[in-house]
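Structural overview
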Amino acid sequence: MPDATGLELLAGELREAHGDQALVGTEYFRDQARLFVAPGTVPATLRFLRDRGYSFLASVHGVDYHPEEPRLGVYYELLDMKEVDRIAVRTRVPVDDPVVPSVTPEWPTADHQEREVYDMFGVVFDGHPDLRRILMPEDYEGFPQRRDFPIGGEPILFTHNEPRLPGWWQ
Amino acid sequence: MATTPHIPYREMEESIEVSSFTHGEQEELLTLNMGPHHPATHGVLRLLCTLEGEIVRDMKPVIGYVHTGIEKTAETKAYWQAIPVVERMDYLAYFFNAMAFCMAVERLVELEVPKRAQYLRVIHLELNRIMSHLVWLGTSMLDLGAMSMFWYSFRDRESILDLFEMSTGQRMHTRYIQVGGVFEDIPVGFEEKCRAFCAAMPTRVDQFGALLDKNEILLQRLRNVAIVDEETLLQLGVTGPLLRATGNAWDLRKAQPYSSYDDFDFKIPVGTIGDNYDRFRVRMQEMKESVRIIEQALDGLPEGPYITENRKYALPPRHELATSMEALIHHFKLVTEGFRVPPGEVYEPIEGPRGEYGCFVRSDGSSKPARVHMRDPSFVNLQAFKPMVQDLYIADLIATLAMLDPVLGGIDR
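Keep in mind the model is a prediction, meaning the values are calculated, not measured. (Residues numbered from 1 in each chain as written. Chains lettered and ligands numbered in written order. Predicted model: local features only at pLDDT ≥ 70, side-chain atom pairs only at ≥ 80, totals over all residues.)

Concerning the overall build of chain A
Looking only at helices and strands, one finds 3 helices and 7 strands in chain A. From first element to last, N terminus to C terminus, chain A shows the α and β order α-β-β-α-β-β-β-β-α-β. In terms of its C-alpha atoms, chain A occupies a principal-axis envelope of roughly 65 × 30 × 25 Å. Counting only residues that meet the buried cut, chain A has 42% of its 170 residues in that class. Across chain A, contacts joining residues at least 24 apart in sequence account for 48% of those joining residues at least 6 apart. (Helix = DSSP H or I, 4+ residues; strand = E, 2+ residues; numbered from the N terminus. Buried ≥ 20, exposed ≤ 12 C-beta atoms within 10 Å, placed from the backbone. Contact = placed C-beta atoms within 7 Å.)

Dropping the structure here:
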């Protein structure tokens, strides 16, 4: 992990390279370093970090900050295998405009993981070559990992409730 | 439901792109559907293969058939109740799932794990690694036609499950690893039985090797098949034995030692060219190295508590309940509400049998996690399947899938 000072140095360099509005903030929490960036600058930030050795994208995952706004968050966990160093990049988007530029063209590993975030949270990755649902059925409606999505809300068909589920065969 | 930009609905079949490669006018492309119910897909994995004759030109995995919403379920449980749910993600690596989750929670609450608990965790993790590799060995050799291998490897897997039953009470999904330590100390006789297993296992691995390594059919099907170079695998985010087969010795147990892994002397087996044979050899050798770690952990098992003494996070011992009011209150609070975790987000990676298990936990300050995400290696490694099998025979696709070792419970979660 870059320590708190190292993180601020990185953040300063990022501000110089991409302007002040690119970086929303930094966090150093429990020995883990994070950069919070604006959605538009995600590919540029990841490219910037790749040039500094963080060349392995370990994970992409989504978070829902309901009821805070902007609600949806996307995390990119980066790893430097030479220095054994990790840093995370996070961006947050509102629910009514959940668009983040896709990093799949540059980081092929993000393909399935961005699809999963889209599937579960409805974050649209602009420029993803094949953005479809991946775990849920193709024709599923709604984004189940959002915090306001009810658990167990789906009717399961049994013989006894068949008449109460009109049109289930359609 | 809030508005989202419209994404056109497409059938899976329409997403197959065939313009990327040329084929003669006389040649006909055939789309073959493999699975989801197929004995060689190691679970409910569906593969849409585009074939030219017998050669795979394109392959798309279709997953989600065993998606059970474990990450969503975990959000409705207290932290200690979420452990058994999280364990069921990758059903061959239950100790690893629980370990990643518990380590993430421990980092959030800044909890120190006693040394004895760390060693007990290591013993069980490594037993689990051998168990997972034995299942891989048995099932993948079954795909390659070596039927007796299945019985041999499952015999030894049974003895590991017996050990699990002895120390944890369960054979699978043991809920042994807890936040702050482990559930119980190992019982009398466990060490002896475990040592007997450790003494027998290296010989067994050699016997498996003797059965397989000189088998011409096996060698022909594994050697120089499905070679993918290190650079491509790194770009695809592949970790674990698949990456190590190309000669990259990345292993979190060495690189970022957690849970006292730096106390043990062990080697990281690596391959040379990254073909199926290297993947096979790396896993075989890993079993031997795991045995060495278990033996060292048994030798150096320190005395002391097996779970943290911090009563805010771990249940008090049973005998205290009868005499101590405070213990009773702690017990009641822990069992009914669970412990509260300070707000924050952490990502905790560990090295599992298939690569990096990374658990992301977000806490909002309550006693239930606000988000649990497992970065499952099978899910990420599956993306490397297409570059592996492109332009190979369909029979090699089966062998390569076996050597990829995907666990569908982990992929779909």
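Observations regarding the sheet that holds strand 2 (residues 46-52) of chain B
Residue and element names in this part refer to chain B. Taken in spatial order, the 3 strands line up as 1-2-3 in an open sheet, and their pairing is antiparallel. With partners counted over all chains shown, the strands left at the sheet margins are strand 1 (29-34) and strand 3 (55-62), one partner each. Pairwise comparison of adjacent strand axes, ignoring direction, gives a mean angle of 20° for this sheet. Sheet analysis places strand 2 next to strand 3, joined by 7 bridges and oriented antiparallel. What sits directly across from E52, in strand 3, is I55. (Pairing = 2+ DSSP bridges. Axes fitted to C-alpha atoms, helices over the stretch in contact; angles between N-to-C directions.)

Details of the interface of chain A and chain B
Contacts between the two partners involve 38 residues from chain A and, on the opposite side, 41 residues from chain B. If you list the elements that add at least two residues to the side of chain A that touches chain B, you get strand 3 (56-64), strand 4 (72-80) and helix 3 (110-121) of chain A. Here the element with the most residues in the side of chain A that touches chain B is strand 3 of chain A; it accounts for 7 residues. Residues belonging to the side of chain A that touches chain B are distributed by class as follows: 21 nonpolar, 8 polar and 9 charged. (Nonpolar A, V, L, I, M, F, W, Y, C, P; charged D, E, K, R; others polar.)

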